[in-house]
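Chain by chain, the residues:
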Amino acid sequence: MNSLPEDLSEWLIELNLSDCVTSLQKNMVLAFVDGTLIANIIHRTFPRLILLQSYEETSNVSKRTTNWQLLNRKVLNVLQCELGNEDISKIVSRNIQRGAIIIFLRLLRTKLEAYQSVYDKKQRKLAQEQKFKRDNFKTIIDKQQEKKRASVHKTLEEMNLEN
C-alpha cells in the first residue's frame, strides 16, 4: 500500500500542492528523498522563510544530502523540526520507510502550525520597519523639495526687487 493518508492528502491540497500528492502516491520514498517536496511545503506556508531556488530536484546522493543539510540548517531548525545526520543519511540513501515519512510529514505540519504566530509577528514587524523607512524617505524628499522651492522663491524675489 503506497497511498498517502487522507489527512496528509487534504493538507497538501489545501496548500495547492496536489502535484505533491500525486508524486507521494506514485512513490513516496522517491518523492521525499531530495528534500524539494519539504521545501515546497514550507514555501507554500511561509514563503519568506525559504528560498526555493536553493533546492534542486536530483537523483544525485551528494546533491540530495546538500539539499537536506541546507533545509535542516536554514529552515527545519527554525521550526524546531531538525533532523540528525543519521536521519538525513537514511533519507538520501532511500533507506527510509514509508511510515517514517508519514510521521515526519505530520510532525512538520504540526510545527508549521505552531510557527504561524511567530511568523505573523515577524511579518508585522517587517511591515512596520518598511513603513518607517518609506515614511522617513518621504520626509527627506519633502524637505529637499521644500528647500528647492524656497531657493526658487528667494531667487524670484531677488529678481523682482531688482526690477
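Residues numbered from 1 in each chain as written. Predicted model: local features only at pLDDT ≥ 70, side-chain atom pairs only at ≥ 80, totals over all residues. Heavy atoms only, no water.

### Quick word on a nonpolar patch on the surface
Moving on, step 1. On the surface, Val152, Leu156 and Met159 cluster together into a nonpolar patch covering about 280 Å² of accessible area.
Moving on, step 2. Here Leu156 is to be found in helix α7 (residues 98-162). (Patch = residues over 30% accessible without salt bridge, like charges linked within 9 Å, V, L, I, M, F, W, Y side chains within 5 Å. Areas by Shrake-Rupley, 256 points an atom, 1.4 Å probe, with all protein chains shown as cover. Salt bridge = Lys/Arg side-chain N within 4 Å of Asp/Glu carboxyl O. Helix = DSSP H or I, 4+ residues; strand = E, 2+ residues; numbered from the N terminus.)

### A short note on unusual backbone geometry
Moving on, step 1. Within the chain, Gln80 stands out as a residue other than glycine whose phi angle is a positive 60°.
Moving on, step 2. Its location among the elements puts Gln80 in the loop between α5 (61-76) and α6 (85-92).
Moving on, step 3. You can call Gln80 exposed: its relative accessible area is 59%.
Moving on, step 4. One non-glycine residue with positive phi stands out, namely Arg94, at about 65°.
Moving on, step 5. Turning to its location among the elements, Arg94 is positioned in the loop between α6 and α7.
Moving on, step 6. Accessibility expressed as a relative area gives 42% for Arg94, which makes it partly exposed. (Buried < 20%, exposed > 50% of the residue type's maximum accessible area, 1.4 Å probe, protein only.)

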